[in-house]
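Below are the chains, spelled out letter by letter.
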Amino acid sequence: MQLFVNFKCVIYSESCFTKKYKGGINMKKKLIIGVIAAIVLLCGIVILNTPRFYLEYEVSDHYMANGQIYDEDCIRIKNCKNYVVMAKIPDKIEGLPVREIDQSAFVNKKLLTYVDISDSVKVVDKYAFYNCTSLKKINLPKSIKYIRKSAFNECKKLKKIEFSDSLKRIGA
């Protein structure tokens, strides 16, 4: 399998984007271009897969569960970018625990297929994953105590959800 293309610039024109030689681009230049392209690609993948890049959140001084207010500085996930296919809800953002996935945070995310929720999350609010039509799998940790109404409605490809014994309430 050939990993590079042999460019030959017979005519000196502005359409060739590298320095032109009669014999084409030399191997050293091809290697440098390849390495730079690989670095740019890897950096883009790492940045796009960082939860702080694709999740919108807010810092809160409390979270609510079962009508009770818990005073604690924490993070509430508010939204997710539309292009996300796999989402990881981290334990902490900005050094604060992620406690809640807010109302409609992932609503209508048509490309989302998998969600991994960390052990710090306690509440999945109403309509959190509503109409995520490609969602096939979600990892719900034992820490989840409350799932509010219609959190997973219209997730047509989601065939099975495993709930832990620590779940206290699930909305209708």
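Scroll up a little and you will see the structure.
Residues numbered from 1 in each chain as written. Predicted model: local features only at pLDDT ≥ 70, side-chain atom pairs only at ≥ 80, totals over all residues. Heavy atoms only, no water.

Tallying secondary structure elements over the chain gives two helices and 10 strands in all. Sequence-ordered secondary structure for the chain, helices as α and strands as β, is α-α-β-β-β-β-β-β-β-β-β-β. Within the chain, buried positions represent 34% of all 172 residues. Accessible surface, the chain: about 11000 Å² in total, of which carbon and sulfur atoms supply 57%. (Helix = DSSP H or I, 4+ residues; strand = E, 2+ residues; numbered from the N terminus. Buried < 20%, exposed > 50% of the residue type's maximum accessible area, 1.4 Å probe, protein only. Areas by Shrake-Rupley, 256 points an atom, 1.4 Å probe, with all protein chains shown as cover.)

Nonpolar side chains in soluble globular proteins tend to be buried together. The biggest cluster of nonpolar side chains holds 30 residues, and the ones touching the most others in it are Ile89, Ile101, Phe106, Ile117 and Phe129. In terms of residues, this core owes the most to one element, strand E2 (residues 68-80), which gives three residues. Setting aside its immediate chain neighbours within four residues, Phe106 contacts Leu55, Ile77, Cys80, Ala87, Ile89, Ile101, Leu112, Ala128, Phe129, Tyr130 and Cys132. Membership of the second largest hydrophobic core comes to five residues, among which are Ala65, Cys74, Val123 and Tyr146. (Core = buried A, V, L, I, M, F, W, Y, C linked by side-chain atoms within 4.5 Å. Contact = heavy atoms within 4.5 Å.)

It is worth spelling out the environment of Ser118 at this point. Positionally, Ser118 belongs in the loop between strand E6 (114-117) and strand E7 (123-124). Taking the C-alpha atoms as reference, Ser118 lies 6.6 Å from Pro141; in sequence the two are 23 residues apart. Aside from chain neighbours lying at most four places away, what touches Ser118 is Lys88, Ile89, Pro90, Asp91, Pro141 and Ser143. There is a polar contact of 3.0 Å between the side chain of Ser118 and the backbone oxygen of Pro90. (Polar contact = N/O pair within 3.5 Å; in protein donor to acceptor, adjacent residues only side chain to side chain.)

Attention now moves to the packing of aromatic side chains. Across all of its chains, the model carries four aromatic pairs by this definition. Ring geometry for Phe106 against Phe129: centres 4.7 Å apart, planes inclined by 15 degrees, an arrangement best described as stacked. Linking Phe106 in the loop between strand E5 (96-101) and E6 with Phe129 in the loop between E7 and strand E8 (137-139), this pair joins segments that are 23 residues apart in sequence. What makes Phe106 buried here is its relative accessible area of 0%. Centre to centre, the rings of Phe129 and Phe152 are 5.4 Å apart; their planes meet at 5 degrees, and the pair counts as stacked. One end of the pair, Phe129, is in the loop between E7 and E8; the other, Phe152, is in the loop between strand E9 (146-147) and strand E10 (169-170), and 23 residues separate them in sequence. Phe152 carries the same exposure label as Phe129, and that label is buried. Counting every residue linked through ring pairs, the aromatic cluster contains Phe106, Phe129 and Phe152. (Phe/Tyr/Trp six-rings, centres within 6.5 Å; stacked < 30°, edge-to-face > 60°.)

Here we come to the sheet that holds E6. The parallel open sheet is built from three strands, whose spatial order is E3-E6-E8. Here the strands that pair on one side only, and so sit at the sheet edges, are strand E3 (86-89) and E8. When strand polarity is set aside, the average angle formed by the axes of neighbouring strands in this sheet is 5 degrees. Across four bridges, E3 lies against E6 in parallel orientation. Considered in E6, the bridge of Ala87 is made with Val115. (Pairing = 2+ DSSP bridges. Axes fitted to C-alpha atoms, helices over the stretch in contact; angles between N-to-C directions.)

Secondary-structure assignment places Leu167 in the loop between E9 and E10. Along the sequence, Leu167 and Lys122 sit 45 residues apart, while their C-alpha atoms lie 9.3 Å from each other. With sequence-adjacent residues up to four places away left out, Leu167 is seen in contact with Ile144, Lys145, Tyr146 and Ile147.

Once that is clear, we can look at the side chain of Asp125. For Asp125, the location among the structural elements is in the loop between E7 and E8. Separated by 3.2 Å, the side chains of Asp125 and Arg148 make a polar contact. Excluding residues within four positions of it along the chain, Asp125 makes contact with Glu100, Ile101, Asp102, Gln103, Arg148 and Ala151.

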